[in-house]
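What follows is each chain in one-letter form.
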Amino acid sequence: MLKAVLAGAWFAAISAWERLSPSAARPLGSDFKRWTRNGGLWLANSALSPLITLPIAAWAAQADMWTRPNAANGWIGLGADLLILDLWAYVWHRLNHAWPLLWRFHQVHHRDEFLDATSAVRFHPGEVLISAVARAPIIILTDISFISVLAFETLVLLAAVFHHSNARLPPRIETALCIFVVTPSHHWVHHHAQRADTDSNYGTVLTMWDRLFGSLSATRRSPDMTIGVEGQRDAPLLALAALPFRAGSDQPARNTRAAT
Ligand SMILES: [Zn+2]
């Protein structure tokens, strides 16, 4: 409930910010398409969260095999849990780009040809489902508490609305912020329709994982940067829902750095 109120207020604030102070020019007449596609996928996903994602996490959180020292022990335990979950989000996101089967689903998010706060909730329900199942063993093995999962889910939603948005930040502030957390300029490069950039900047909350594991892009965001998947176009909602099951939809994932 707190997550919904917080996320709603944050979404409204960031949406207002990106309209009042945009970084890139908004494509004319794109709003209706964006609302039906991104909104439709969000509706499906918000049903999945309480029905699938949270029950799986709750089950995994109580199915501990051992007790990690300091786990769920006040703020230190919470901080350690959030760090582990953010590292896993990085690894999982990278796998979504590397494995053709996962890319089939994840590319639905990347087919968006412009980014704003609504892109943060544009995911194929299949990706949400597979991610929830894949995370369960991590929660069990690292003894993460359910409260930490809830805190992380809220944090990820707030971070995603922020870093997908078209809000313009003063360059100096954004550069300083980007040393620690993923900012719009950092994440827009991940949505650049050039495969080498799409396969970089995987961070969700913290940028240090990209630096640590060598996946930081040298590209700087420019206002006229083409957004989307190289060589592919966006599609209507039903076509997006069917996309992972279409023959050949794993193809762009094989087009890696060598292609550019
Ligand atoms: Zn991605």
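Residues numbered from 1 in each chain as written. Predicted model: local features only at pLDDT ≥ 70, side-chain atom pairs only at ≥ 80, totals over all residues. Heavy atoms only, no water.

Asker: Looking at this structure, I do not really get the confidence of the model for the protein. What am I missing?
Answerer: Atom-level detail of predicted coordinates should not be read off regions where pLDDT is low. Of all residues in the protein, 93% attain a pLDDT of 70 or more, and the chain-wide mean is 89. In the model, residues 253–260 has pLDDT below 50 throughout and makes 13 contacts with residues more than four positions away in sequence or in other chains. (pLDDT = per-residue confidence, 0-100. Contact = heavy atoms within 4.5 Å.)

Asker: Explanation requested: the coordination of the zinc ion in the structure shown.
Answerer: Where a metal carries four tetrahedral donors, each ideal angle is 109.5 degrees; where it carries six octahedral donors, the ideal angles are 90 or 180 degrees. Within the protein, the atoms that donate to the zinc ion are His 93 (NE2), His 97 (NE2), His 106 (NE2), His 110 (NE2) and His 190 (NE2), at distances of 2.1 to 2.2 Å. Read in sequence order, the donor residues coordinating the zinc ion give the pattern H-x3-H-x8-H-x3-H-x79-H. Note that His 93 is positioned in helix 3 (residues 74–98) and His 110 in helix 4 (residues 100–110), a separation of 17 residues in sequence. His 110 carries the same exposure label as His 93, and that label is buried. (Donors = N, O, S within 2.8 Å, 3.2 Å for Na, K, Ca; no water. Helix = DSSP H or I, 4+ residues; strand = E, 2+ residues; numbered from the N terminus. Buried < 20%, exposed > 50% of the residue type's maximum accessible area, 1.4 Å probe, protein only.)

Asker: Sorry if this is basic, but what is going on with the environment of Ala 7 here?
Answerer: Positionally, Ala 7 belongs in helix 1 (residues 2–20). Relative accessible area serves as the criterion here: at 13%, Ala 7 is assigned to the buried category. Excluding residues that lie within four positions of it along the chain, Ala 7 makes contacts with Leu 157 and Leu 158.

Asker: How do you make sense of the pattern of salt bridges when you look at a structure like this?
Answerer: Opposite charge on two side chains permits them to pair, given that their charged atoms come into close proximity. Overall, the coordinates contain 11 salt bridges when judged by the stated rule. In this structure, Asp 116 and Arg 26 form a salt bridge, with 2.8 Å as the shortest nitrogen-oxygen distance. Of this pair, Asp 116 sits in the loop between helix 4 and helix 5 (125–141) while Arg 26 sits in the loop between helix 1 and helix 2 (31–62), and the two are 90 residues apart along the sequence. A residue is classified by how much of its surface remains accessible, and Arg 26, at 22% relative accessible area, is partly exposed. Asp 234 serves as the salt-bridge partner of Arg 122, at 2.8 Å between the closest nitrogen and oxygen. Within this pair, whereas Arg 122 is found in the loop between helix 4 and helix 5, its partner Asp 234 is found in the loop between helix 10 (208–212) and helix 11 (237–242), the two being separated by 112 residues in sequence. Since its relative accessible area comes to 1%, Arg 122 is described here as buried. A single salt-bridge network, built from bridges that share partners, covers Arg 19, Arg 26, Asp 31, Arg 34, Arg 37, Asp 112, Asp 116, Arg 122 and Asp 234. (Salt bridge = Lys/Arg side-chain N within 4 Å of Asp/Glu carboxyl O.)

Asker: Help me out: how do you make sense of the packing of aromatic side chains in this one?
Answerer: For any two aromatic rings, the description comes down to two numbers: the centre-to-centre distance and the angle of the planes. Scanning the model with the defined rule gives six aromatic pairs in all. An angle of 85° between the planes, with centres 5.7 Å apart, marks the rings of Phe 105 and Phe 245 as edge-to-face. Taken together, the positions of Phe 105 in helix 4 and Phe 245 in the loop between helix 11 and helix 12 (251–254) put the pair 140 residues apart, joining distant regions of the chain. Between Phe 114 and Trp 188, the ring centres sit 5.7 Å apart and the planes meet at 90°, which makes this aromatic pair edge-to-face. (Phe/Tyr/Trp six-rings, centres within 6.5 Å; stacked < 30°, edge-to-face > 60°.)

Asker: Would you explain the packing of helix 3 against helix 5 in this entry?
Answerer: Each pair of packed helices can be described by the angle between their axes along with the distance between the axes. Viewed as axis vectors pointing N to C, helix 3 and helix 5 meet at an angle of 130°, and their least axial separation amounts to 11 Å. Our classification of the angle between helix 3 and helix 5 gives oblique. Regarding helix 3 and helix 5, the two cross each other, and that crossing is right-handed. Across from Leu 85, Trp 88, Trp 92 and Asn 96 in helix 3, the residues of helix 5 making contact are Glu 127, Ile 130, Ser 131, Ala 134, Arg 135 and Ile 138. Classifying every residue of the contact of helix 3 with helix 5 by side-chain character gives six nonpolar, two polar and two charged. (Axes fitted to C-alpha atoms, helices over the stretch in contact; angles between N-to-C directions. Parallel < 35°, antiparallel > 145°, perpendicular 65-115°, else oblique. Left-handed = near helix turned anticlockwise from the far one by under 90°. Nonpolar A, V, L, I, M, F, W, Y, C, P; charged D, E, K, R; others polar.)

Asker: Please clarify how the nonpolar core should be interpreted in this entry.
Answerer: A general feature of soluble globular proteins is that nonpolar side chains tend to end up buried together. Judged by nonpolar contacts, the single largest core of 13 residues is most densely connected at Ala 60, Ile 139, Ile 144, Val 149 and Phe 152. Looking at this core, the elements that each hand over two or more residues are helix 2, helix 3, helix 5 and helix 6 (146–164). In this structure, Phe 152 is in contact with Leu 82, Leu 85, Asp 86, Ala 89, Arg 135 and Val 205, ignoring residues within four places of it in sequence. (Core = buried A, V, L, I, M, F, W, Y, C linked by side-chain atoms within 4.5 Å.)

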